[in-house]
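# Per-entry structural report
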Amino acid sequence: MLTDDQRERYLRHILLKEVGAQGQQKLLAARILVVGAGGIGAPALLYLAAAGVGIIGVADDDLVSLSNLQRQIIFLTDEVGGAKTAAVNGALARLNPDVKVVEHREKIDEGNARRLVAGYDVVLEGVDNFEARYALNRAVIAARKPLISAAVGRFEAQLSVFKPYAGANLPCYRCLVPTAPLRETTLNCAEEGILGPVAGVIGAAAALEAIREILGLQPSLAGRLFIYSPLALDARYARLPRDPACPDCATADR
Ligand SMILES: [Zn+2]
């Protein structure tokens, strides 16, 4: 049952017939892991906490730096130099006391991905390296959990939901990106620069997809890639097929 305070806090959700009090209770019972508290993770974390997602894990081993503040809107100037996970915990606690934050102050790799993923229902990643993306991809395939994957470059942002276990034609992340590019600049705004709100748009969209997965809203973004090109003023969806020869999902239990 929702308390009076919760009924008021989440009233705009409850008014939606697609959510309602029942959907809100689902959100309060949900566990979402956000990997990477960067340009994508920062707005996504704020929206997930505001929505009342009951347990939010945040995995990041970085410190807040001054150059983060231009787009990573969860952090404050006086938090520069401190651990990102601790700053996230403080920010979300102030925003919504219904939310419990679990800090994972570690970099994701093959060695810890499965352990981290095990405690959550949905994983949202906005990391800046392919080693972490591939490790997470394999971990969520094994655990049969949805992966919301978002990336921003200078001129383009991309978002999709990967759940190859949910349908014979649905791809995993590796079906989309079979091998890591030699240079990671296409997905790394540290080298190329980015307008802050571009990360905000795709981070908010990623949070929305995580919420849609928790609520079971249809259609799912799985099997399609959302491509947002802010400088060209263009946004579109591309079909994303499964690669039958994918090294990560072709032989996975479906
Ligand atoms: Zn695959």
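The following paragraphs examine the structure supplied in this document. (Residues numbered from 1 in each chain as written. Predicted model: local features only at pLDDT ≥ 70, side-chain atom pairs only at ≥ 80, totals over all residues.)

Further remarks concern the overall build of the protein chain. Tallying secondary structure elements over the protein chain gives 10 helices and 8 strands in all. Here the C-alpha radius of gyration of the protein chain, 17 Å, is about what a compact globule of 254 residues would show, namely 18 Å. Each principal axis of the C-alpha atoms in the protein chain carries an extent, and together these give about 50 × 40 × 40 Å. Counting across all 254 residues of the protein chain, residues that qualify as buried make up 41%. Expressed as a percentage of contacts within the protein chain between residues at least 6 apart in sequence, the contacts between residues at least 24 apart total 69%. (Helix = DSSP H or I, 4+ residues; strand = E, 2+ residues; numbered from the N terminus. Rg over C-alpha atoms; globule rule 2.2 N^0.38 Å. Buried ≥ 20, exposed ≤ 12 C-beta atoms within 10 Å, placed from the backbone. Contact = placed C-beta atoms within 7 Å.)

The strand order β3-β2-β1-β4-β5-β6-β7-β8 describes an open sheet built from 8 strands, whose pairing is mixed. The open sheet has two free edges, formed respectively by β3 (100–104) and β8 (234–239), since each of these has just one partner strand. Across the sheet, the mean angle from the axis of one strand to that of its neighbour is 15°, orientation sign disregarded. Looking at chain direction, strand β1 (residues 31–35) and strand β4 (residues 122–125) are connected through 4 bridges and run parallel. Looking across to β4, one finds that valine 34 is bridged to leucine 124. (Pairing = 2+ DSSP bridges. Axes fitted to C-alpha atoms, helices over the stretch in contact; angles between N-to-C directions.)

Attention now moves to unusual backbone geometry. Of the consecutive residues glutamine 218 and proline 219, the connecting peptide bond is found in the cis state with omega at -5°. Although it is not a glycine, arginine 144 sits at a positive phi angle of roughly 55°. Along the chain, arginine 144 falls in the loop between α7 (130–143) and β5 (147–152). Positive phi is not limited to glycine here, since leucine 233 has a value of about 50°.

Strand β6 (residues 157–162) sits mainly inside the fold: 5 of its 6 residues count as buried. Here β5 folds back onto β6, and the loop between the two strands holds 4 residues.

Attention now moves to the nonpolar core. Core analysis: the largest hydrophobic core is formed by 69 residues, its most contacted members being Ile32, Leu45, Val123 and Ala206. In terms of residue count, helix α10 (residues 196–215) provides more of this core than any other element does, 9 residues in total. Ignoring anything within four residues of it in the chain, the contact list for leucine 45 reads Val34, Ala37, Ile56, Val58, Ile74, Val88 and Leu92. (Core = buried A, V, L, I, M, F, W, Y, C linked by C-beta atoms within 7 Å.)

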